[in-house]
Amino acid sequence: MADVKLTAKQEAFCQGIADGLGQADAYRMAYDAEGMKDNTIYSKASVLMSDGKVAARVAELKAQVAEKQLWTREMSVKGLIQAYRIAQDAKTSTGMTAAVKELNVMHGFNEPTKLSITGSMIQRIQREVIDDNAED
């Protein structure tokens, strides 16, 4: 696909689709769609996906995912939905809640998790790398 050029936004849309997002969600992720109505987003995403270059890139990315990954985002979502339904049928709210929480995390519905890396951690990592190189 080296001879076909996509814009950065088109590529981001393709990556989103390949990661298991729906067309509208991939469009929202790749483009500035904050002020757009849902119907407009659906329409623009559909038109974009029908572009031959975009469709070919999505197919290429999906093939790469299938080759390189044993477990995809789409498989995770389907598994969690199945777990939710099983918990719902068994009337166990704990399982349903756990599945919904995990789906929310996967789709970015929660606030980002803040990580704190201390200076001692950074120094330790650097020291190990230096020590490893000294042995060569």
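Quick caveat: nothing in here was measured; it's all calculated off a predicted structure.

S.K.: What am I meant to see in the nonpolar core here?
M.R.: Side chains of a nonpolar character, in soluble globular proteins, are inclined to be buried together. Membership of the largest hydrophobic core comes to 19 residues, with the highest contact counts inside it found for Phe13, Cys14, Tyr27, Tyr31, Leu48, Val54 and Val58. Every element with two or more residues in this core is listed here: α1 (8-18), α2 (23-30), α3 (38-50) and α4 (52-68). With sequence-adjacent residues up to four places away left out, cysteine 14 is seen in contact with Leu6, Val54, Arg57, Val58 and Leu61. Listed in part, the 5 residues of the second largest apolar core include Val77, Leu80, Ala99 and Met106.

S.K.: I tried to follow the packing of α2 against α3 on my own but got confused; where do I start?
M.R.: Two quantities define a packed helix pair, namely the angle between the axes and the distance from one axis to the other. Contact geometry of α2 with α3 gives a least axis separation of 8 Å together with a crossing angle of 95°. Regarding the angle of α2 to α3, the classification is roughly perpendicular. Contact with α2, carried on its side by Gln23, Ala24, Tyr27 and Arg28, involves Asp38, Ile41, Tyr42, Lys44, Ala45, Ser46, Leu48 and Met49 of α3 and no other residues of that element. Considered class by class, the residues forming the contact of α2 with α3 number 7 nonpolar, 2 polar and 3 charged.

S.K.: Mind showing me how you'd approach the side chain of glutamine 10 here?
M.R.: Mapped onto the elements of the fold, glutamine 10 is located in helix α1. When its relative accessible area of 12% is taken as the criterion, glutamine 10 is described as buried. Sequence-distant contacts of glutamine 10, defined by excluding residues within four places in its chain, comprise Tyr31, Leu48, Asp51 and Val54.

S.K.: Even after reading the chapter, I still don't get the packing of aromatic side chains, so can you show me in this structure?
M.R.: Note on aromatic pairs: each is described by the distance of the centres and the angle between the planes. Summed over all chains, the structure comprises 1 aromatic pair. With centroids separated by 4.5 Å and ring planes inclined at 10°, the aromatic side chains of tyrosine 27 and tyrosine 31 adopt a geometry described as stacked. Side by side, tyrosine 27 and tyrosine 31 carry an identical accessibility label, which is buried.

S.K.: Looking at this model, I keep getting lost on the environment of glycine 79. Mind explaining?
M.R.: Along the chain, the position of glycine 79 falls in helix α5 (residues 73-89). According to the relative accessible area criterion, glycine 79 is partly exposed, its value standing at 31%. Considering only alpha carbons, one finds glycine 79 and alanine 99, 20 residues apart in sequence, at a separation of 9.1 Å.

S.K.: Sorry, what's going on with α3 here?
M.R.: Helical geometry: 3.6 residues make up each α-helical turn, so side chains three or four residues apart lie on a common side. With 13 residues, α3 should cover 18 Å at 1.5 Å per step; its first-to-last C-alpha distance of 18 Å lies within 8% of that length. Turning to α3, its buried residues are Ile41, Ala45, Leu48 and Met49. Looking straight down α3, one finds its buried side chains confined to an arc of 95°; they lie on one side. Turned more than 90 degrees off the buried face of α3, the exposed positions are Asn39, Val47 and Ser50.

S.K.: What is the right way to look at the pattern of salt bridges in this model?
M.R.: Oppositely charged side chains can pair when the atoms bearing their charge come close. Tallied over the full model, the rule gives 4 salt bridges. Aspartate 38 serves as the salt-bridge partner of arginine 28, at 3.0 Å between the closest nitrogen and oxygen. With a gap of 10 residues between them, arginine 28 in helix α2 and aspartate 38 in helix α3 connect regions that are remote in the sequence. Judged by its relative accessible area of 32%, arginine 28 is partly exposed. One salt-bridge network, held together by shared partners, links Glu11, Arg57 and Glu60.

Conventions we followed
Note on numbering: residues in each chain are counted from 1, in written sequence order. The predicted nature of this model means local features are confined to residues of pLDDT at least 70 and side-chain atom pairs, given and counted, to a pLDDT of 80 or more, with totals for whole chains, interfaces and linings taken over all residues. Here the side-chain values reflect all heavy atoms present in the structure, with hydrogen atoms and water set aside. Buried Ala, Val, Leu, Ile, Met, Phe, Trp, Tyr and Cys residues form a nonpolar core when they are joined through side-chain atoms within 4.5 Å. We call a residue buried when its accessible area falls under 20% of the maximum for its residue type, exposed when it is over 50%, and partly exposed in between, using a 1.4 Å probe and counting protein chains only. Each helix is a run of DSSP H or I of at least 4 residues and each strand a run of E of at least 2, with the numbering of both proceeding from the N terminus. Any two residues whose heavy atoms approach within 4.5 Å at even a single point are treated as in contact. Structural elements are reduced to axes, namely lines fitted to C-alpha atoms, with helices fitted over the stretch in contact, and the angle between N-to-C directions of any two is expressed from 0 to 180 degrees. Angles are sorted into four bins: roughly parallel if under 35 degrees, roughly antiparallel if over 145, roughly perpendicular if 65 to 115, and oblique for all others. In the scheme used here, Gly and all other residues not listed as nonpolar or charged are polar, with Ala, Val, Leu, Ile, Met, Phe, Trp, Tyr, Cys and Pro taken as nonpolar and Asp, Glu, Lys and Arg as charged. Paired rings are identified among Phe, Tyr and Trp, the last through its six-membered ring, by centres lying within 6.5 Å, and are further divided according to the angle between planes into stacked (under 30 degrees), edge-to-face (over 60) and tilted (the rest). A helix is expected to span 1.5 Å multiplied by its residue count minus one. To obtain the arc, one takes the directions from the helix axis to the C-beta atoms. Any Lys or Arg side-chain nitrogen found within 4 Å of a carboxyl oxygen on Asp or Glu counts as a salt bridge.

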